[in-house]
Every structure is written in C-alpha cells, then in structure tokens.
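# Summary of the model geometry
Letter by letter, the chains look like this.
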Amino acid sequence: MDDRPHKAHRPAQSGAKAEKKNKGKGKEKQHGFNEKAFAPKSGRRADRQGRRNVERDQTRLHVPLVNRTPDDEPPPVIIAIVGPPGVGKTTLLKSLVRRYTKQILNDVKGPVTVVSGKKRRLTFIECNNDLNSMIDIGKIADLVLLMIDGSFGFEMETFEFLNILQSHGFPKVIGILSHLDLIKKAATLRSTKKALKKRFWTEIYQGAKLFYLSGVLNGRYPDTEIMNLSRFISVMKFRPLVFRNSHPYLLADRLEDLTPRELVRTSKGKCDRTVTVYGYVRGTNLRQGHKVYIPGVGDLDMQSIAVLGDPCPLPNENSEKKRKLSEKKKLLIHAPMSDVGGVMYDKDAVWVNVPGSFTRGNKDVPQGEGEQMVMDLQDVNNTLEDAVAKSQIRLFGTSSKTLTVEDDKGSISGEKSDDEEYNDEEDEEDEEDGEDEEDEEDEEDEEEEVDEDNDDDDGDIPRDARNTGRTTHRKIMRTVPSSSKKEREDVEYADSDSDFGEDDVDEEDRRVRFSGEDQDQDIPSDEEAEAISEGEEGESIPKWKLNLSERAQKSTSLSRKARVKDWTKLIYSTNLTPEEIVGDKKEDDLKEGDNMEMDEDDFFQIKKTSSDNAEELDMSNDPVDPEELKKWEDEDMLESIRHLFITGGDVDAEQGDGGLNEQGVDADVDENESNEDGNVPKPSSSDPESARAAALAARKEALKRKFDEQYDDPESSKLDFYTEKKDEMARQLALNRAEFEGVDAESRAIVEGYRPGSYVRIELANVPAELIENFDPTYPIIVGGLLSTEERFGYIQVRIKRHRWYTKTLKTNDPLIFSLGWRRFQTIPIYSLDDHSIRMRMLKYTPEHMHCYATFYGPVSLPNTGFCAFNSLSGDTPGFRVTATGVVLDIDRSVKIVKKLKLTGVPYKIFKNTAFVRDMFSSALEVAKFEGANIRTVSGIRGQVKKALPKPDGAFRATFEDKVLMSDIIFLRAWYSIQPRKFYNPVTSLLLSNKADWTGMRLTGQIRRDEGIKTPLDVNSTYKRIERAPRRFNPLIVPKKLQASLPYASKPKLMKPQQNQTYLQKRAVVMEPEEKKAVALLQQIRALRKDQMVRRKEKKVEKKAERQKKLAKEEERKGEKEKERRKDAMRAAGQKSKREADMEDGRGRSKRRKT
Amino acid sequence: MVHTASLVNFSGHQHLRHRLVLAILTGKHIRIDKIRSEDKNPGLRDFEISLLRLLEKITNGTIIEISVTGTAILLKPGIIFGGVLQHDCPKSRSIGYFLEPIIMLAPFAKRPVQLTLKGITTDEHDLSADLLRTVTLPHLQLFGISNGLELRIKKRGAPPEGGGEVQFLCPIVKQLKTLNFVDPGKVKRIRGIAHAVRVNPQFSNRMIEASRSILNRYIPDIYLYSDVYKGDESGKSPGYALSLLAESTTSVIHCAEAVSEPGVAPEDIGLKATRQLLAEVNKGGCVDRKHQILVIMFMVLGSEDVGRCRMGEPTPRTIQFLRDVQTFFGTSFKIVADSSLPGCSQLLYSCYGTGYVNANRTLA
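Residues numbered from 1 in each chain as written. Chains lettered and ligands numbered in written order. Predicted model: local features only at pLDDT ≥ 70, side-chain atom pairs only at ≥ 80, totals over all residues.

## As for the overall build of chain B
Filter applied, for reference: Working definition: helices are DSSP H or I runs of at least four residues, strands are E runs of at least two. Numbering for both runs from the N terminus. The globule rule used for comparison is 2.2 Å times the number of residues to the exponent 0.38, while the radius of gyration itself is calculated over C-alpha atoms. The burial label depends on the number of other C-beta atoms within 10 Å of a residue's C-beta. Counts of 20 or more mean buried, 12 or fewer mean exposed, and intermediate counts mean partly exposed, with C-beta atoms placed from the backbone.
Along the backbone of chain B there are eight helices and 18 strands. Taken over C-alpha atoms, the radius of gyration comes to 21 Å for chain B, in line with the 21 Å a tight globule of 364 residues would show. Viewed in the frame of its principal axes, chain B has a C-alpha envelope of about 70 × 50 × 50 Å. Residues counted as buried form 62% of the 364 residues belonging to chain B.

## Structural notes on the overall build of chain A
Where we set the bar: This entry defines residue contacts through backbone-placed C-beta atoms, with two residues in contact when those atoms are within 7 Å.
Helix and strand counts for chain A come out as 35 helices and 33 strands. For chain A, buried positions account for 29% of its 1155 residues. Pairs at least 24 apart in sequence give 73% of the contacts found in chain A among residues at least 6 apart.

## Things to note about the nonpolar core
Keep this limit in mind: For this analysis, nonpolar core means a set of buried Ala, Val, Leu, Ile, Met, Phe, Trp, Tyr and Cys residues linked through C-beta atoms within 7 Å.
One finds Ala80 and Val82 of chain A to be the most contacted residues of the largest nonpolar core, which totals 255 residues. In terms of residues, this core owes the most to one element, helix 7 (residues 292-300) of chain B, which gives eight residues. Not counting chain neighbours up to four residues away, the residues in contact with Ala80 of chain A comprise Ile125, Cys127, Ile137, Ala141 and Val144 of chain A. In terms of nonpolar packing, the next biggest core, distinct from the first, is built from 14 residues, Met920, Val927, Phe956 and Ile970 of chain A among them.

## Considering the sheet that holds strand 2 (residues 29-33) of chain B
Residue and element names in this part refer to chain B. Put simply, the test is: At least two DSSP bridges between two strands are needed for those strands to be called paired. Axis lines are fitted to C-alpha atoms, over the contacting stretch for helices. Their N-to-C directions set the angle, which ranges from 0 to 180 degrees.
The mixed open sheet is built from four strands, whose spatial order is 1-2-5-4. Because the sheet does not close on itself, it has two edges, and the strands there are strand 1 (7-11) and strand 4 (63-66). The sheet shows a mean angle of 15 degrees between the axes of neighbouring strands, direction not considered. Across three bridges, strand 2 lies against strand 5 (residues 73-76) in antiparallel orientation. Paired with Arg31 across the bridge in strand 5 is Leu74. Strand contacts of helix 1 (residues 16-26): strand 1, strand 2 and strand 5, with the helix running at about 160 degrees to strand 2, the strand carrying the most contacts.

## As for the UniProt feature "domain: RNA 3'-terminal phosphate cyclase insert" (unreviewed entry) in chain B
What counts here: UniProt positions are given in the numbering used here, feature names are shortened, and annotations may be inferred rather than shown by experiment.
Taking the UniProt record as the reference, the feature "domain: RNA 3'-terminal phosphate cyclase insert" (unreviewed entry) is found at residues 182-281 of chain B. The span residues 182-281 of chain B is 30% helical and 34% strand by assignment, and the distance between its end C-alpha atoms comes to 15 Å.

## Let's talk about the environment of Pro950 of chain A
All names here are of chain A. Its place among the elements puts Pro950 in the loop between strand 30 (942-948) and strand 31 (956-960). C-beta crowding within 10 Å serves as the criterion here: with 7 such atoms nearby, Pro950 is assigned to the exposed category. The spatial distance from the C-alpha of Pro950 to the C-alpha of Pro295 is 62 Å, given a sequence separation of 655 residues.

## Some thoughts on the domain arrangement of chain B
As a reminder of what qualifies: What fixes the domain bounds is an automatic or database domain assignment.
When cut into domains, chain B gives domain 1 (187-283) and domain 2 (288-352). A separation of 29 Å is found between the C-alpha centroids of domain 1 of chain B and domain 2 of chain B.

## A few points about the sheet that holds strand 9 (residues 150-155) of chain B
What holds strands together in a sheet is hydrogen bonding between their backbones, with the strands either parallel or antiparallel. All names here are of chain B. Here we have four strands laid out as an open sheet, ordered 7-8-10-9, and mixed in their pairing. Taken across any chain shown, the strands that pair with only one partner, and hence form the sheet edges, are strand 7 (82-88) and strand 9. Mean inter-strand twist for the sheet, computed between neighbouring axes without regard to direction, equals 10 degrees. Both strand 9 and strand 10 (residues 164-170) contribute to a ladder of five bridges, which runs antiparallel. Residue pairing across strands places Leu151 opposite Phe168, the latter belonging to strand 10. The sheet strands contacting helix 3 (residues 95-105) are strand 7, strand 8 (111-119) and strand 10, and the helix crosses strand 8 at an angle near 170 degrees.

## Quick word on the UniProt feature "domain: Bms1-type G" (unreviewed entry) in chain A
Mapped onto the present numbering, the UniProt feature "domain: Bms1-type G" (unreviewed entry) falls on residues 75-239 of chain A. Across residues 75-239 of chain A one finds 40% helix and 20% strand; the C-alpha atoms that close the span lie 15 Å apart.

## Regarding the UniProt feature "domain: RNA 3'-terminal phosphate cyclase" (unreviewed entry) in chain B
Under the feature "domain: RNA 3'-terminal phosphate cyclase" (unreviewed entry), the UniProt entry names residues 9-335 of chain B. With 31% helix and 28% strand, residues 9-335 of chain B has end C-alpha atoms that lie 26 Å from one another.

## A few points about unusual backbone geometry
Of the consecutive residues Lys951 of chain A and Pro952 of chain A, the connecting peptide bond is found in the cis state with omega at -15 degrees. If you trace the backbone, Pro952 of chain A turns up in the loop between strand 30 and strand 31. Note that the residue after Pro159 of chain B, namely Pro160 of chain B, is joined by a cis bond; omega there is 10 degrees. In this structure, Lys102 of chain A takes a positive phi of about 60 degrees despite not being glycine. Following the sequence through the fold, Lys102 of chain A ends up in the loop between helix 4 (89-101) and strand 2 (112-115). Residue Lys102 of chain A is classed as exposed on the basis of its C-beta count, with 11 C-beta atoms lying within 10 Å. One non-glycine residue, His179 of chain A, adopts positive backbone phi at about 55 degrees. Mapped onto the elements, His179 of chain A comes out in the loop between strand 5 (172-178) and helix 7 (186-203).

## As for the pairing of strand 4 of chain B
All names here are of chain B. Sheet analysis places strand 4 next to strand 5, joined by four bridges and oriented antiparallel. Bridging from a neighbouring strand, Ile63 pairs with Lys76 of strand 5. What sits between the antiparallel neighbours strand 4 and strand 5 is a turn of six residues, in which Gly70 has the positive phi angle 80 degrees.

## Looking at helix 6 (residues 156-167) of chain A
Every α-helix winds through 3.6 residues per turn, so residues three or four apart in the chain are directed the same way. Residue and element names in this part refer to chain A. Going by this rule: A helix's residues, less one, multiplied by 1.5 Å, set its expected span.
For helix 6, which comprises twelve residues, the first-to-last C-alpha distance of 17 Å matches the rise-based estimate of 16 Å (1.5 Å per residue) to within 8%. Every buried residue belonging to helix 6 is among Glu157, Thr158, Glu160, Phe161, Leu162, Ile164, Leu165 and Ser167, and all of these are buried. Summarising the contacts, the buried residues of helix 6 are in contact with strand 1 (77-82), helix 5 (131-140), strand 4 (143-149), helix 7, strand 25 (866-870) and strand 26 (882-892). Looking at the residues trailing helix 6, positive phi occurs at Gly169, about 85 degrees.

## Overview of the confidence of the model for chain A
Residues and elements named next belong to chain A. The condition that has to hold: For every residue, the pLDDT score states the predictor's confidence, bounded by 0 at the bottom and 100 at the top.
For chain A, mean pLDDT is 77; residues scoring 70 or higher make up 71% of the total. Confidence drops under pLDDT 50 across residues 555-562; counting only partners more than four residues distant or on other chains, this segment forms 16 contacts. Taken as a whole, residues 607-612 scores under 50 in pLDDT and shows seven contacts with residues more than four places along the chain or in a different chain.

## Here's the deal with the packing of helix 7 of chain B against helix 8 (residues 316-329) of chain B
Residue and element names in this part refer to chain B. What counts is decided by this rule: Roughly parallel refers to an angle under 35 degrees, roughly antiparallel to one over 145, roughly perpendicular to one between 65 and 115, and oblique to any angle outside these ranges. Take the far helix as your reference; a near helix turned counterclockwise from it by less than a right angle gives a left-handed crossing, and one turned clockwise gives a right-handed crossing. Ten residues, namely Ala, Val, Leu, Ile, Met, Phe, Trp, Tyr, Cys and Pro, are considered nonpolar, four, namely Asp, Glu, Lys and Arg, are considered charged, and the remaining ones, Gly among them, are considered polar.
Where helix 7 contacts helix 8, the axes come no closer than 10 Å and their chain directions differ by 20 degrees. Looking at the two axes, helix 7 sits roughly parallel to helix 8. When you trace helix 7 past helix 8, the crossing you get is right-handed. Contacts between helix 7 and helix 8 involve Gln292, Ile293, Ile296 and Val300 from the former and Arg317, Thr318, Phe321, Leu322, Val325 and Phe329 from the latter. Tallied by class, residues from the contact of helix 7 with helix 8 come to seven nonpolar, two polar and one charged.

## Focus: the environment of Asn60 of chain B
Looking at the secondary structure, you find Asn60 of chain B in strand 3 (residues 59-60). Overall, the presence of 19 C-beta atoms within 10 Å leaves Asn60 of chain B in the partly exposed class. For the pair Asn60 of chain B and Val295 of chain B, spaced 235 residues apart in the sequence, the C-alpha separation amounts to 26 Å. Beyond its immediate sequence surroundings of up to four residues, Asn60 of chain B is in contact with Asp892, Arg893 and Ser894 of chain A together with Gly78, Ile79 and Phe81 of chain B.

## Topic: the pairing of strand 2 of chain B
Residues and elements named next belong to chain B. For clarity, the threshold we go by: Every crossover in which the path from the first strand over the helix to the second runs clockwise, viewed with the strands pointing away from the viewer, is termed right-handed.
Here strand 2 shows a clear split, with Ile30 and Ile32 buried on one side and none of His29, Arg31 and Asp33 buried on the other. Judged from the five bridges that link them, strand 1 and strand 2 form a sheet pairing that is parallel. Paired with Leu7 across the two strands is His29, which belongs to strand 2. In the classification by handedness, the crossover that spans strand 1, the intervening helix 1 and the parallel strand 2 is right-handed.

Structure, rendered in structure tokens:
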C-alpha cells in the first residue's frame, strides 16, 4: 500500500520492559542447575533414568589396555599434518612451531620436535600427498591434524587417508578447515561449515573436533586461532593402540651414512651402506637382536643401539633454574633436517641463511650462531695438525676452553695421519650437530673426543680396520656418559676386579663348607679331604657324622652369608662352561675366562663340547649323589629343616630365617602385601630381637588394616572386574619400574632393552645405497621393530572386503598391494569362501558387499592385525585407491583351497544298470585313483566308478541306479586344490628417486596395453554358432506278433495316408447367378477397405514425421541453454583455479593439484 | 632384499631338546653339528631321531635335514600345529624325555594337543609320568594354562621292555601370564605315589612305610598312595618306584623320585626318595631344580612385563639354557641374591618378557 520501509524493531534499553528482561536473564544465570527440572516425576521414570545412567556409565568403559609408554619421560607425541597440497599444511606447521618456540622456520623438512609443556613434547611432521607417506604416517601418528580446504571441500585423498587410519588403529583426529576467507558470503560460509562438519562427523564420530582457520596473516595463521588449537593439543589424551603397544618403533629425525668414503668411491656409490638413524623410541622396549623394518626399504639388521643425550629434553628442576639465565634455552626445538636458526643440514653441506646483505665486518646485522661459526672457521689460520703440535689448541676464537692433549704420544703419527682428515671433518660436523645445543655441551663433546683419542692410543685396544675415524667418533657424540663405549669398558674392568675379590672370599669359605657337588670338581682342602678319607675308611662310626648337624648349620649359614656370586655376569659374559660355573672355578681360571671375553661384541659363544663326555645324557633328573643323601640319615639334620614346614613354627626364627617365616604367614593374610614386603629390603638384623619385634609389629599392622577395611565397608574390598584389571595392570607397571630402578643403564639395556622415550641412535647394516642416494627428508623414515614371528614367511589367511567405493571387483590371482603391520608389499591373493564348513572354495571374484577370505604368501603378521589393500599407489590413478580392507585370521605353512573340477564322459556301451564310459580319463591309472567316486548323469541318475577297462585307454565300468541313455553325458564332480603363488614384492618406494612412481608387478592386460601387444587369440576359444541338428526319432515298431496279442485300445493306430481322391475332390462346383453376385460384392467391399487402410497409414506416418521435427527443434533449443550453462560453470572454475594459482605464486609456494 | 630367516649354529649333542624347542618357538633355523662326531658310534641316537620325528609330527612345514653321517642336523621350523597325535617312543628313553619339549610347545599350537605316547613311563633319567602329572602340569597353571590340561596314565611301563601309555591333553593359549613368584611359603602337605608293576603289590606298601618313618615327624598331612595297575595295564617289565612331592602354602611344589634298582630293597628305595625330597626342600626356592628350565622358558615367553621368580642356584642345564635363550630371544635375566633375606642361597630371577603371542592360533 505504502512503500515506506517498515521501522525496525528496537528493543527497549531502559524502563520496565528492559528491567524485566534483564531480571529474567540474571535469574537464570544465578540459579544455574535447576534440580527440580530434572527430578523424575514418577518412580518408574526414576527407575528408567537410573538405568540409563548406569548404561551410559558402561559405555564409558573400554577394555583396559596397558600403556607401555612410561609416564615420567614419554617420547614426544607425533602430530601429523595431513591434507591435499596447497591446503596450508606448511603454514600451519610454521604457525604452530612459532607458537611454541618463537622461531620461524623457512624450509620445513622432516620432523620438528618442540617442548610444549612440563610433561609433553610434540613432534610435528608434515605428510606429503604420496599415498606411501600417508600409509606410513597413519601407522605412527598419535594425533592427526587433518586439513581440509574449506573453499573446496573434501578430496579423495582425505577419505583414503581416513580409511588407512581405520585399518591400522585409529589415532586421534582433529579436522581443520582452512581457506575459509575465500568464501565471502556469510551465509555460504555458514552452510559450508555445517555441511563439511556433518560429513566429517559421519566419517570420524559424532562430535569430532573440527577447527576453522581463517586467512593467512604474514605467512601464518592468526595467533589466537593457533593458540586455541595448541590448547586443544595440549590437553589431548591418547589411548594406547594395540599394534603400537606391542611393537617398538621410531620416527627417524636424522639419518647419516657411515660407510667409509673410500668404499663408496671404489664401488661408485653402489655398495651397501652402513647407516645410522636417530629418533625417540616409541611403543615398547627396543631390544638388541631383533630385526627392524623400514617401510619403503625392507628388513634390516640392527648392528648397535646407543642411547644419546636427549636433544630436546623436558624441563626439569635444573633446567628451570638455568632458564632464567639464558632465555634461549626455553625455546627448545629439534629439527635436524629443517633450517632452525638459519642453519640447514644437507647431505654433505651445511647452508647458512643470512638475512639481508652480509659482510664480514658488519656489526649491524645480528649474527646468529651459524654465521659466527662459519666466520670462526674462516678465521682459523693453522691446520689442525699444527694446532695439535702445540700443547694447547683453541679450535675457534670463541671457544671458551682449550683442548688439552697429553704430549707423551709422539710416536703415533703414523696411525694418526690417516685419521687426521677424518678428525677435521669430524670436528666440523660435531660443531654442526651441537649447534642447537648450548656451547658448553659442545665443548664437552670435544673434550670427550680428545679423551677418546688418547684412550685409543694408550689403551691398546685393537682398532677395527673399518672403524677408522668417523665411526668411532660418531658413537660418542651426544652420548649419555654412562653408555659411551669407553665408559663401558671401564666399568667392565672394575666389575671383574670386584668379582675376583668376591671369589677370594669364596675360596676361603670353601674350607669349611662341604657340599657334594663341589667335591668332585674342586681340589678339596686338607681338612675336608681328611674327613672324607676317614669317612670312607671307618665304616662303623663315620667321622663326618660326628658333628654333622653343627657343621650343616654352619655351612648353610656361611654359604648364605658370604657366597655371593655375580650370576648374571658368570652366565652371560664369560666363556665358562655351565659345569664350571656351578662348581666354582678357580680364580686364575676365571681370569683367563674373563680375558677371553674381551672381544666383547660376540662375548657369547658356545663352548665346544669335549669328546670325553660324549656319553652324557640329556636328562632332566640330576644324578643323585649317595654321599649327599647320607647326611639325611642324621637325626639333627632332619630336625634342622623343621622350620620349613608349617608345623615348624617360629622356633628357628633366630637363625636368620625371620624374614622367611614372616613372609610365609603373611602369605595367608594377603598375598599382595607380602609381595610388597618382599620387595623392601630388610634392615640388617644386627639385633635379632628387635628385628623380630619389628616383624611382629608389621604383621599386626597389616592385620589391623585388613580388619578395618572389612569392618568399615565390606563392599569396598570387592572390586568390579574393570577396576580389578586396572589395578592389576597398575601393580605390574609399578613392579616393572621398581625392578630395574637401581641397575646401571648398561645392564639395564641388556635385560629390558631401550625404553620408550629415550633418544637412540641405531646403526643399520647393509642398507641399500639408493636410500642414501635418493634421500628426501619430506618422506618420513620409520623404523618399525619386528616380533620374532613377524620375520617368518608363510601363507596368511585374511578376512577381506572390497571397499564399497572401489568400483571394480577384485580377481583371484591379480596382484594386490597390502599394507599390513609395518609392511607394504605386493602379493597375489586367492579369494575363497567357506563352503558349508566342509571346504574352502576358491572364488574367481570377490563378492559384492560381503566379506570373503583371501590367502596369500607373505611375511607373517599376528592374527587380528588390520590391513588395507591397494591396486595401485600412484597418484594418477583415477578414483578411490583403497581397494579392500580386512583383518588377519590365520597363519599356516600350507593351504587347502579347492576349486570345482567337472570331468565329463559318455557311455559307449550300456547294459542294464551298468555302462562303459569313455572320454573321462586318459589312462587306467587315473581311473584307479577315482575308483568308487560318485558320478552322475545330467538327467540326475547317480552312479559309481567301478573299474578301468583294458580298452580303450581311460574307459571304465560304472554302475548306476537306473539305466542310462547313450545320449546322456556323465560327469564326475571333483575338487582340485590350488596353492597361492609364492610372490612377495616389498614396496621399495624410498629407494626411488621419484618416490611417487613405484610400480609393482603389472597385470597381463596392462603389460599388453603398455607394450602394444595384441591378445593372442586361440581358435578353439572363439565363440561360434552352435549348430544343433534336429533330433530324428525312429518310428516305433511294434512286432506283428505282439500287436496281434494287444487289446484294441493299446494297438498302434497306424494308418496309411489316403491315396485316392475324396468325394469332394472329384466334383466340380458351379455357382448360381445370385451367389456369384454376392461373392463379387464381397470382393469389392474388401478391396475398398484395403485401400482405405493404406491411405490412413500414410497419413499417420506423415504426422509422426512432423512431430519428430518439432521435437528435434525443441531439443536443439534446450541444448543451447545447457551449453550456455556449462560455459558459465567452466568459466567460474577457471577463474577459481587461476586465482589459486596466483595466490600460490604470491606465496612463493608450489603445486596445487600438481600430483 | 633377500629374506632368509636367521640361522643359529650349535655344536654337540647336548641340550638338543631345549635348543630344538627354542628354534621352533622363535622360527629361527637351527643347525647343530658335531653330534658325537668323536664317538665310536657317531651321530644321532635312536631316541633323538624319534624326538625329531615327533617334532615333525606336531608341526606343519618343518624341514629337517640330517647329514649322511648323522652328526649334523638342520631344522627349518614350521608352525606348531597340534591336534590328535600318536607316537611310539623307543625303549632307550622314557616318555618324559619326549614329553618335556612337547609341554613347552603345546600351549602355542594351532589346535589343542592330544598326544598319546607309548613306551617307558618311569626311569631314572627323566621325569616320570607321575611327576609330570603331579608336578610339571601344576607349574603350567602358574602361567594361566589350566583349562583342559591333563596327563592320563593309561598303562604303566617299566624299563627295559616298557609297554606303558600316557595321553597328554593341552589347551592352547593366546599369551602367557607374567609370573611373580617370590614367596616360597612353608610346606603344608606331602603327597606321594608308589607303584609296583609285575612285582609283589606289597612292595609299594613297604616303600610307603619306609618313607613315612621319616616324613611323619614333620607334618600330619601326608598321603602316600599305592597305585595299582593290573594285567595288560602294567606293562611288559617288572618295576616299582616312589614319587614324592611337598606342596607349600603358596603352592610351591618340590618333588623327588626313586626308581627300583636290581638288588635293592623297596624300603631303601623309599628312603632314597624321601631323602631326596628333604634335600630338595632344604634347597628352597619357589621352583625345584627339575623345573627351572620350564619356568624360565615361560617367563621369557610372558607378556612385556617384569616376571620374577625365586629359585635355587641354576643347574648346569639351566645355565646353558639361559645362554641359549639369549641367543634366540635376545633376552637375558637379572639374577641376584635375594636381598630381602640376609644370607640366603636362593636367587631372584627376573626378566622382561618378550611379549610372545601365539601367532598360530586361528581367529574365529
């Protein structure tokens, strides 16, 4: 009516209305939780609510899993940033690194480790768009930051990655939407967010966290958004994943080639390399002697493991104190392959990034550590040789300490000369490595090195020929002092010395002790020998019996007190035979043994059995020594062990068995407590009375506690299954920690391996040269430990399902790439299905929407391990690449898969129920094999193979339940067993220069297509028209005699066709005139009608043609419109891609949609 | 990359059984040479060949190559299969010789093992069927192998002719429990089985009487059964034996056995067994000397936690076994004198389990 715009509503800011509204709001806030609102209205409802709460409680519970990662010093959490190219992964990584360390990385390569809190370190790693990398990253990432381009939506790689995650144990995933600033309209933005979130939730779980990042500022994401994200990361809890909880692994953050340069040169770089990788141990304890697998390379042997100083340690009390002094230390970052602080390590060069124009004298430009060092290097005037000649050298001007060399070694020049150049290099590299740490540490390293040199010289340890220069020095770099090699040797010397001391004591004791097993090996001491000889002579009252009990007691107590052998050492690090160990060896012998084991690398060798004990039996019953048993004839001896029985009581408690007794009784009370008691070392019972009192008090205390517990709350002592299991695990973990607490690092590593969280250096032998030659830090290198079973090969049966997004079916005997355990490999599966639990029947193709079995040859994985499979890993494969997923069921050395085989034959002679059949077999032997087999005709008559006939070859006699016809085809249904092909082809993508284009075995069709070969055509296989001759039946002939005797009804009514003409045929017809007229009229009418129909038809055709024309016209018009529309769409898309390209160019970064 | 399972080399005929067991469990190829190469009668003995046959039966895909002279063997282990099996043991060794390695393998088979062994049930070299049943099998229960674990002595057979028959039933497990067995407790009961076949049945009573004369002083809870087998079930040769076991409050079992010898009175046999038992009890520990290897084996195979056990000093066999375990598994033990008890010859063995999982077990 009136076109004035309506006034917008303005809510009252003041007055009664506003107050009322505000009051309402405030009230709600004040009250918070309204109890009444949620109170159940009725009893039934309360019951239901209660039940629901309990149910919800149960859903919270998960199967308790042991977390093998120690809580005190866990390895850094691996955070993988995954997404399609150009989505902003590097930007996010840089932003996050800047948030944690206030450093800007320009060239991010490989993992970046930062300290994020008191108890947490993070390792960021960016995953490139290669499927191989995605698979590897998916196996190790603890948290995945899945980046999605908000302006574009999900891409195929994202879904592929999620499917990979699903089959290898799902780590935590946070989705991140980027490029949201490209969506200009608010409504579109909102709807896009909503749609993407919905899709994301269906893929992960309802309520999965999705982050939104708006535009890029200064090459980074906005600080507030990054801060929010980092907060989410910092509170994230991780549930242990089953596979990672049973395998040790590490993500290598550095890789070095230790092969002697000379060897590389002479072999033109083709020789197998010795390579060290560095990283934090994760998962379970890493142990020496196991094999490792590097995905993309293969199975490798670990030559040595060494713990290094943590390059990125967690803050502790000391470091916190230090922090105030130097602000630098707060921002720890460890990224050896990136350019931290402007220094970047290449394979054989170090690049220093200098901002602005750089001149030497320029003091305005702040000089970083790297620049300083290079300038120092340039300043060095003398060669190292000159410097060594002086008693004191300063490597660089800035070095605060001087290197000291003891001057007594002048004669080693010959040895040194070839070491020299290595040393030079060495020092240089040392500097480089130590860069991110503080100076002091650097110098310590150097000092150690020099020390090491000296040690090498004066302690005449035979130097390994290969072990020149580099290798030896490398070992001690960044090493924890206790685990360095030199230290180890020292410790060993010291230990063996103490050993000798103990054995001395032992020697003395043996004068008093007498135990039968000792006598036959040792030279008995004088007293003992006398005693024995006398005992043998005086048969009536053996002298050894006289004061037997006292001596027995004495011996036991003495042997208990002073006989301390270091069993671990004796067993594991000497060459003594077991018999020698048991019957204490003499000191000098021991020494000899110890000397022998100096070549400690393989200190554990099997002693050759001497021929004299060739008749010794491998038996579990030890031979009984009758002498030893004789002492049990003595009454006192019998009495002396009374305390070992429950009736013994505490009478013998004074005899140093107080602890034992106490334990025994405690055990009845509470097993756990007694175990704990057992752990606590008893105070040495100098005063047995007080010790006894203390024991009694402890027992009383325990009983009291127990009583209180039961009296106060009898329910509390009963735990439900879940808590019980959790407690049990916690107890075991506490025990694990406590058991090796006091043991030194060296022997601890031998017994329990290298714990997760320690930074180690692993030396790998026989690494393919291509790994080094074609090393690319953007591809992750994972070292996965293998269990002993996983080194084996066998047939693996899996349950498999074709992925519903993969469009083709899978065919038996087509190669497939599996990602199973740590491994990626190509193999040839045979699909099968269980046929009524009778047999495994081969399938030619995988069924639709159904699981089936697949069996293939390959490395064994434990049952219940998930896997995913691919047909091709290359990036240019159209469509979804995850072909199938499944789980391992069974492992065996033989398989029983059968396929149906139908043998057909034809009868050539038929008796009543017997027929002679030919063309089924080719020889009598074959027939013999199938005697008794069931056969059948097509019409369903069942029968049996009986016996071969002499002629023709392969014919046999068969009986049937009814008479068969000559025209019947007889078939035999048999099962033919097939074996999967023994084909295993590991995906060695890391060895290629272009890592993305690994190709495995191709299909025959693919090869033909690639090579342009035509498919060979077998003439017999061509399809031809089947010509079936019409079946001719002979006339039924009933013998005349029979016919005569038949009743009339049954007689064949056979009559000859009529020969002579019929009555009508013989006559001519003459019509009357009226009749003629009528006939003529009818004829005319018919003619007219015919004509009419023809004309009508013509008209119809005409009309139809006209209509067709009209329709075509309309179609054309519609087509035009469609064309127009498409043009528009293409233009828009083109603009978008152009814009993106521009943007990328602007950001100076590479490849959007390049793959 | 060439994939060849690692080969472990040994020499000498001794410790053959546990080396074969370790090889089969780890799947490493094993080569043993110089088997009695210096002997007048060189090469493998009939019982060793028989053992190899038995191992071949219980596994699938095992390849055993024996050199022409029989002084070297190469074993490429397959997977442990199990199932219903039967084996005739030669008369040179008793059933215990064959059953001990099988007990270590059977829990990790694909199918529950149901093995019938025929031969000598009791002799002086190996654990007798009685001890295996009453002592060895309870040791397996410590590791969570209990349901359906059984040894049935169908017939007894004394050396030299044998004629006995036992049936061993063993369930399969996924993973062994970690052992924490440090409290020896006190002996609370003593049990024993005396049997006499093809001799005067009074012999077993005489052994029991002799034994009781010593044991009665300690505890009242003593039951010594005399086990009677008649006719065909009593084997082909005469013989008698007494096996004793002492169980403590924490179910520590110590055992001893004495077997009939020519010209020795049954009373003396009874006394011998009893004194051996007392010696064993006096040695202390949670596991007796005969079962050290079994317990250590299963401790190594446990989950990746610290297992502890208190035992006496290792026997030479145990020491060699510990060394072999290190070769195969890379696991070594921490062996220390028991610090909780000042002056005690017992040792605490602790190790970090390898987390061995029965990979042969079929899922679903």
